[in-house]
Amino acid sequence: MEIDFAEIVAKNQSMVFSLALRFLRNREVAEELAQDVFLQCYRQLGQLEDAAHACSWLRRAICHRSIDELRKRRYRPAIGLDDIPEPAAAGGMPDLMMQDRLRSLVGELPEKARMVVVLRYQEDLLPGEIAELLDMPVSTVKSHLHRSLALLRGRLEKRGVTPVGLLRCEGRGSV
Amino acid sequence: MNWNTDEELEQVLRGSLRRSAAPPDFAPKVLAKTRQPAGGSRMPWLRRPFTLALAAALMAVAIIPAVVLDHQRREAARGLKAKQDLLTALAITRDQLQHARNEVRKNTRIIQ
């Protein structure tokens, strides 16, 4: 079956770019890495059966390349926890900045846990699918998810960020 | 108000982590790169691990003997200086002993 590479790029560019962006939190590096992965895909086009296979191949490739990139460059998040200003009031802040704060907090998670969280909530993958993608047991994926949620909740509460503020600004689009 | 359930947090995470659009020129850039001839990047062989390893080995071959020779030269110079210092010390000791012997002889004659 002939695979149209231009169509694969068009359909998957957002997924590949976003996974790298959410994981690395650096737009330029994410774009560069995503392009590299597509080029790698292009070279292996003959081994891919169909568009769905290409999609799963791309997802796996960008996950592993992002983790490698992080280890190689030893990235620190662009915005550290200490740089985040405290909220002005205990109540919610209906502000898109809040979503960025949450993304920053996700960016503070350890690499494996961060990738698990991004795959779960960006790609809506099930723990079993994430386990297969990252070559780890399902129990480990569930443990990463459970601990990450607890950690995120604790950090959000510590900073006075409440569900009201974040839920209110949902649906306004994201960067 | 606190985070009562994981569902609340999960809902917020889904909203915050939803996909971002790739840059507008992303796809054209990728497709343009696929049209470049294979190995079109500038001197890709320079980045190959074998080339890097060979360069490192050549540098090691050039640098290590120079370092070893310099170390040997310094050690030899130190040894020579130590030898000269020792000879000087022995000469001083010999002179002092000679002087002491002369004094002893002179005093012995006076007593006799």
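Residues numbered from 1 in each chain as written. Chains lettered and ligands numbered in written order. Predicted model: local features only at pLDDT ≥ 70, side-chain atom pairs only at ≥ 80, totals over all residues.

Draft legend 1. The packing of helix 1 (residues 5–24) of chain A against helix 5 (residues 111–121) of chain A, seen in detail. All names here are of chain A. For the pair helix 1 and helix 5, interaxial distance at closest approach is 10 Å and the crossing angle is 140 degrees. Regarding the angle of helix 1 to helix 5, the classification is oblique. Note that helix 1 runs across helix 5; the crossing there is right-handed. Residue-level inspection shows Leu19, Arg22 and Phe23 of helix 1 in contact with helix 5, the latter providing Arg114, Met115 and Val118. Its residues assigned to classes, the contact of helix 1 with helix 5 shows four nonpolar, no polar and two charged. (Axes fitted to C-alpha atoms, helices over the stretch in contact; angles between N-to-C directions. Helix = DSSP H or I, 4+ residues; strand = E, 2+ residues; numbered from the N terminus. Parallel < 35°, antiparallel > 145°, perpendicular 65-115°, else oblique. Left-handed = near helix turned anticlockwise from the far one by under 90°. Contact = placed C-beta atoms within 7 Å. Nonpolar A, V, L, I, M, F, W, Y, C, P; charged D, E, K, R; others polar.)

Draft legend 2. How the structure looks around the interface of chain A and chain B. With 36 residues of chain A at the interface, the matching set in chain B holds 27 residues. Secondary-structure elements contributing two or more residues to the side of chain A that touches chain B are helix 1, helix 2 (27–43), helix 4 (96–107), helix 5, helix 7 (138–158) and helix 8 (163–168) of chain A. Residue classes in the side of chain A that touches chain B are distributed as 22 nonpolar, eight polar and six charged.

Draft legend 3. Structural context of the nonpolar core. The biggest cluster of nonpolar side chains holds 45 residues, and the ones touching the most others in it are A:Val16, A:Ala20, A:Ala34, A:Val37 and A:Ile62. For this core, the elements supplying multiple residues, two or more each, are helix 1, helix 2, helix 3 (51–73), helix 4, helix 5 and helix 7 of chain A together with helix 1 (6–16) and helix 2 (26–35) of chain B. Sort the elements by how many residues they give to this core and helix 1 of chain A lands first, with nine residues. Among the domains, domain 1 (5–73) and domain 2 (82–168) of chain A are the pair contributing at least three residues each to this core. Leave out the neighbours within four places in its chain, and A:Val37 touches A:Val16, A:Leu58, A:Ala61, A:Ile62 and A:Arg65. (Core = buried A, V, L, I, M, F, W, Y, C linked by C-beta atoms within 7 Å. Buried ≥ 20, exposed ≤ 12 C-beta atoms within 10 Å, placed from the backbone. Domains from an automatic or database assignment.)

Draft legend 4. Expanded view of unusual backbone geometry. Residue and element names in this part refer to chain A. Even without a glycine there, the phi angle at Arg25 is positive, about 55 degrees. Its place among the elements puts Arg25 in the loop between helix 1 and helix 2. C-beta crowding within 10 Å serves as the criterion here: with 21 such atoms nearby, Arg25 is assigned to the buried category. Even without a glycine there, the phi angle at Asp124 is positive, about 60 degrees. Considering the arrangement of structural elements, one finds Asp124 in the loop between helix 5 and helix 6 (127–134). Judged by the 11 C-beta atoms lying within 10 Å of it, Asp124 is exposed.

Don't take any of this as a statement about function, it's just geometry.
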